[in-house]
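Per-entry structural report
Chain by chain, the residues:
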Amino acid sequence: MFARASRVPARRGEVEVEENLGALDRARRFGTSKLSLQRLVFVQELVECAHDVGYDATVHYLLPLVQNMASDPEVLVRQSLMQHFGDLAGFLIQSDPEKGYEKVARTLLPTAKMLLSEQAVDV
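Residues numbered from 1 in each chain as written. Predicted model: local features only at pLDDT ≥ 70, side-chain atom pairs only at ≥ 80, totals over all residues. Heavy atoms only, no water.

Across its full length, the chain holds 6 helices and 0 strands. Start at the N end of the chain and walk to the C end: the helices and strands fall as α-α-α-α-α-α. With 123 residues in all, the chain has 42% of them scored as buried. Across the chain, every contact between residues at least 6 apart in sequence was considered, and the portion connecting residues at least 24 apart equals 55%. Carbon and sulfur atoms make up 50% of the accessible area of the chain, which totals about 7400 Å². (Helix = DSSP H or I, 4+ residues; strand = E, 2+ residues; numbered from the N terminus. Buried < 20%, exposed > 50% of the residue type's maximum accessible area, 1.4 Å probe, protein only. Contact = heavy atoms within 4.5 Å. Areas by Shrake-Rupley, 256 points an atom, 1.4 Å probe, with all protein chains shown as cover.)

Structure representation (structure tokens):
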């Protein structure tokens, strides 16, 4: 998924992407990027990344990023995040039915509720 062969040099005004990062390193870099496009890429790859890194790393590293992104200034990032909650919840519950269900109930559902109760109609 994330492993690519080379580093793409950036030209003026372009985004530089490290192409050979591992799944978790890429998620951490993109999930905290100042560039909304990279944050959007993180969201689009979130569930696949969770499968790649496993349950424990998802809970420890990815869920805090998800919670932070629920307050992202870009509506498109928040909207996309909301679209992936079902698949992420499914991953968590399938990976560890008891703990996964608890994480969904205590972490994902409150975050989803916050997103759904936003004033922005687009989310």
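Another point: the pattern of salt bridges. A complete count under the given rule lists 3 salt bridges for this structure. In this structure, the salt-bridge partner of D72 is R39, at a minimum N-O distance of 2.4 Å. With D72 in the loop between α3 (55–69) and α4 (75–83) and R39 in helix α2 (residues 36–53), this pair connects stretches of sequence that are 33 residues apart. We note that D72, like R39, is buried. With a shortest N-O distance of 3.4 Å, E102 and R106 are connected by a salt bridge. In this pair, E102 and R106 are both assigned in helix α6 (residues 97–116), 4 residues apart and thus about one turn of the helix distant. (Salt bridge = Lys/Arg side-chain N within 4 Å of Asp/Glu carboxyl O.)

As a further point, take the side chain of T58. Mapping T58 onto the fold places it in helix α3. Only 3.5 Å separates the side chain of T58 from the backbone oxygen of A50, close enough to count as a polar contact. Leaving out residues up to four positions away in the same chain, T58 has contacts with A50, V53, L63, L88, F91 and L92. (Polar contact = N/O pair within 3.5 Å; in protein donor to acceptor, adjacent residues only side chain to side chain.)

Turning our eyes to something else, we now look at the confidence of the model for the chain. With 80% of its residues at a pLDDT of 70 or more, the chain has an overall mean of 86. Looking at the elements of the chain, mean pLDDT is at its lowest for α4, recorded as 94, and at its highest for helix α5 (residues 85–95), recorded as 97. Below a pLDDT of 50 lies the segment residues 1–10, which in the model reaches 28 contacts outside its immediate sequence neighbourhood of four places, other chains included. (pLDDT = per-residue confidence, 0-100.)

This brings us to the nonpolar core. Counting 31 residues, the largest nonpolar core has F42, L62, L81, F85, L88, L92 and L108 as the members making the most contacts within it. For this core, the secondary structure elements donating two or more residues are α1 (23–31), α2, α3, α4, α5 and α6. (Core = buried A, V, L, I, M, F, W, Y, C linked by side-chain atoms within 4.5 Å.)

Let us now look at the packing of α2 against α5. For the pair α2 and α5, the least separation of the axes is 9 Å and the interaxial angle reads 10°. Taken together, the axes of α2 and α5 are roughly parallel relative to one another. The way α2 lies across α5 gives a crossing that is right-handed. Note on element contacts: α5 touches α2 through D87, L88 and F91, opposite L46, V47, A50 and H51. Classifying every residue of the contact of α2 with α5 by side-chain character gives 5 nonpolar, 1 polar and 1 charged. (Axes fitted to C-alpha atoms, helices over the stretch in contact; angles between N-to-C directions. Parallel < 35°, antiparallel > 145°, perpendicular 65-115°, else oblique. Left-handed = near helix turned anticlockwise from the far one by under 90°. Nonpolar A, V, L, I, M, F, W, Y, C, P; charged D, E, K, R; others polar.)

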